[in-house]
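A structural walkthrough
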Amino acid sequence: MESKGASSCRLLFCLLISATVLRPGLGWYTVNSAYGDTIIMPCRLDVPQNLMFGKWKYEKPDGSPVFIAFRSSTKKSVQYDDVPEYKDRLSLSENYTLSISNARISDEKRFVCMLVTEDNVFEAPTVVKVFKQPSKPEIVSKALFLETEQLKKLGDCVSEDSYPDGNITWYRNGKVLHPLEGAVVIIFKKEMDPVTQLYTMTSTLEYKTTKADIQMPFTCSVTYYGPSGQKTVHSEQAVFDIYYPTEQVTIQVLPPKTAIKEGDNVTLKCLGNGNPPPEEFLFYLPGQPEGIRSSNTYTLTDVRRNATGDYKCSLIDKKSMIASTAITVHYLDLSLNPSGEVTRQIGDALPVSCTISASRNATVVWMKDNIRLRSSPSFSSLHYQDAGNYVCETALQEVEGLKKRESLTLIVEGKPQIKMTKKTDPSGLSKTIICHVEGFPKPAIQWTITGSGSVINQTEESPYINGRYYSKIIISPEENVTLTCTAENQLERTVNSLNVSAISIPEHDEADEISDENREKVNDQAKLIVGIVVGLLLAALVAGVVYWLYMKKSKTASKHVNKDLGNMEENKKLEENNHKTEA
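Thresholds applied
- Residues numbered from 1 in each chain as written.
- Predicted model: local features only at pLDDT ≥ 70, side-chain atom pairs only at ≥ 80, totals over all residues.
- Heavy atoms only, no water.
- Helix = DSSP H or I, 4+ residues; strand = E, 2+ residues; numbered from the N terminus.
- Buried < 20%, exposed > 50% of the residue type's maximum accessible area, 1.4 Å probe, protein only.
- Contact = heavy atoms within 4.5 Å.
- pLDDT = per-residue confidence, 0-100.
- Pairing = 2+ DSSP bridges.
- Axes fitted to C-alpha atoms, helices over the stretch in contact; angles between N-to-C directions.
- Phe/Tyr/Trp six-rings, centres within 6.5 Å; stacked < 30°, edge-to-face > 60°.
- Lys NZ or Arg CZ within 6 Å of the ring centre and 35° of its normal.

- An unreviewed UniProt entry annotates the chain as CD166 antigen of Macaca mulatta.

Here it is as C-alpha cells:
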C-alpha cells in the first residue's frame, strides 16, 4: 500500500505535466523591453494560502515547456534550472516576480508563472517583446558628382542593429522622394545577423538630377518600433556636386579698369557657366579669323593703340557659343617744337608749338620755372626775362597714369649794352657814377680812368636779374676826369665813357636807368593817369554837350523876345507919326 507522501508527489507531477491545459481566466500580458535592459515579469497571481511552490517556464515554438526557475514557499529557497541561455541571468523574488537581465532578441517568448498547491496549479502567461533602436542612418557610397539628365546612383542609406527591422525613407530638401520611373529608383534590402538577430537596412537611391538640385540637401531616415511606439531618426544632410554642360560663355578683361592705356598688360578671361567649367577656350584677336587655343586666360603684353578692337572667345568643341568684348587702348602723344635747350638772340622771334594727339580730349598745362602760365608762350621779340625752363604737360583725366610732358630750356643771349649815368650827392661832396649793363651771358664790368689807365676795384654791384645789372662807384674828383665802363661776355666786348667834372664844378645830372620792376610800376602808374585823364575828358565832353544844348535853347528864346520888342517899338513910332499928321 502506497504512503500518503508518495501519493501527493505523483499528484503534483501529474498536475505540472497537465498544467498547460489548466489555465485560469487571466488574459494575455505583454512586457516590452529594450535590448540590453532587464526584463521584469510579475507573476500576476494571488498567492494561495496552501501554496507549496512557484515555478516559471517558457514555451518552445512546438509548445513544449522548459522550466527555468523554482521557489519553495516553505523553505524560501530558489533553484534555477540548467538552461544555458539563461545562466546567471535569472532572478526570482519572493512574490514570484521573474527578472531576466541583459535582454536579448531570443528572449521574445511566452513565459508562464505557475503557483502550485496540493490540489491545483494556477498559471499566468506573459509575452515578452524586445526592441532594439537602430543606429542613426548614414548616407554612404556617395556619388562624387551627379550629372544632369542622367539617372545615377546617389548613395546608400544604411541603418544597423535594429529590431524589429525598420523602413528607410529618402528626402530632397525635406520632401519625401517617391519612386518615379526613369527619375527616382529606390532599392531596399534588409539583412539579419544570425548571432544577434539584429537587422541592417540598406536603401539605395538612383536619381536623375537637374540644375534645380544645385545645393539641394538630400537626407534619409529610418522609422522603427520601440517600447513606447513608432519613432524616426534622420541622417545628416548630404549636398552633391551637380555637373551640367556650359550654356553661356562670358569674357572679362583683367585687371578690371575703367580705361586701358598704351603699355598696359591686359588679360582676357573666358568663363563658361557649366560645371565643371571648361578649362580651354579659343581666343579670337581683332583681324584674326583663326582662334588661339589657350587656357581660360590669354594675356596681351605692352598693348599699343592698334590693339583697339573686339576680342572674342568660344568653346573649343562648340564655336557657335561665343562671347565678345570691346577694348579701347588709350594713347597720348605730345610734340613740343622746339624742345630741349634752345639758344636765341635778344629780339629774335621764336614760335613755340605744343601739339597733342590723343584718343580723347586732353588737358594742356604750360609751366615756366615751376609756375603755371595762363596761356601758351609766344615770342615775337625775345627779351632776357623770357629765358627759362618751359614745360608743356598734358593728361587724359579719365585714364589713370596717362600723362606726357616735354620741356624747352630757352636761353636768350645778347651782346653787352651799356648806359652810364651820374648824380651829384645833395651835400655836393661826392658824385655817384652808375654803369648799367644788359646782356647774356652775364657780362663782366670793369671801371678804368681814361688817361691814367688805372682800374677802379671798389665798386658796388646790383643783383643780375633778367639779363640786367649795374655797377656803381662813388668819387669826389678834384679835377675833370673821364671814366670808362667796359662790359664783356662770350659774345662781345663793349666800352662806354663818361666825362665827370671836378666836384667844384656844377653839372647836369643824368637820370638813373629804370629797373624792370620799377618800369612796370611806372607803366602801371601811367596807365592809371591815362585812365584818369580820359575819364576827365569824357566828363568835360558830356558837360560841353549839355552846355551847348542849353545855350541853343537860350538863343531861340532870345530871338522870340527881341522880335516882340521890335514890334512894340514899331507900333510906338506909328502912333507918334499919326499924332504929327493930325496936328
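That covers the picture; the talk isn't over yet.
1. Examining the overall build of the chain
- Check the secondary structure of the chain and you find two helices and 43 strands.
- Of all 583 residues assigned to the chain, the portion counted as buried reaches 35%.
- Put simply, of all contacts in the chain between residues at least 6 apart along the chain, 60% involve residues at least 24 apart.

2. Examining the confidence of the model for the chain
- Mean pLDDT for the chain: 84, with 84% of residues reaching 70 or above.
- Low pLDDT (under 50) marks residues 1–25, which in the prediction has 28 contacts with non-local residues, meaning those over four places away or in another chain.
- Note that pLDDT drops below 50 for residues 555–583; the model gives that stretch zero contacts with residues more than four away or on any other chain.

3. Regarding the sheet that holds strand β7 (residues 98–100)
- Pairing is antiparallel in the open sheet, where three strands are placed in the order β2-β7-β6. Because the sheet does not close on itself, it has two edges, and the strands there are β2 (39–41) and β6 (90–92). Sheet twist, expressed as the average angle between the axes of neighbouring strands with direction ignored, equals 15°.
- Here β6 runs beside β7; their pairing, made up of three bridges, is antiparallel. The residue of β7 that forms the bridge with Ser-91 is Ser-99.

4. Quick word on the packing of aromatic side chains
- This structure, assessed with the given rule, holds 11 aromatic pairs.
- Taken together, a centroid distance of 5.7 Å and an interplanar angle of 80° make the contact between Tyr-464 and Tyr-469 edge-to-face.
- Taken together, the aromatic side chains of Tyr-58, Tyr-86 and Phe-111 make up a single cluster linked through ring pairs.
- Positioned over the ring face of Tyr-199 is Lys-190, at 5.6 Å from the centre of the ring.
- The ring centre of Tyr-469 lies 4.7 Å from the NZ or CZ of Lys-442, which sits over that ring.

5. Brief notes about the side chain of Ser-99
- Checked against the element boundaries, Ser-99 lands in strand β7.
- Among the residues examined, Ser-99 registers a relative accessible area of 17% and is labelled buried.
- Not counting the four nearest positions on each side in its chain, Ser-99 is found in contact with Thr-38, Ile-39, Ile-40, Arg-89, Leu-90 and Ser-91.

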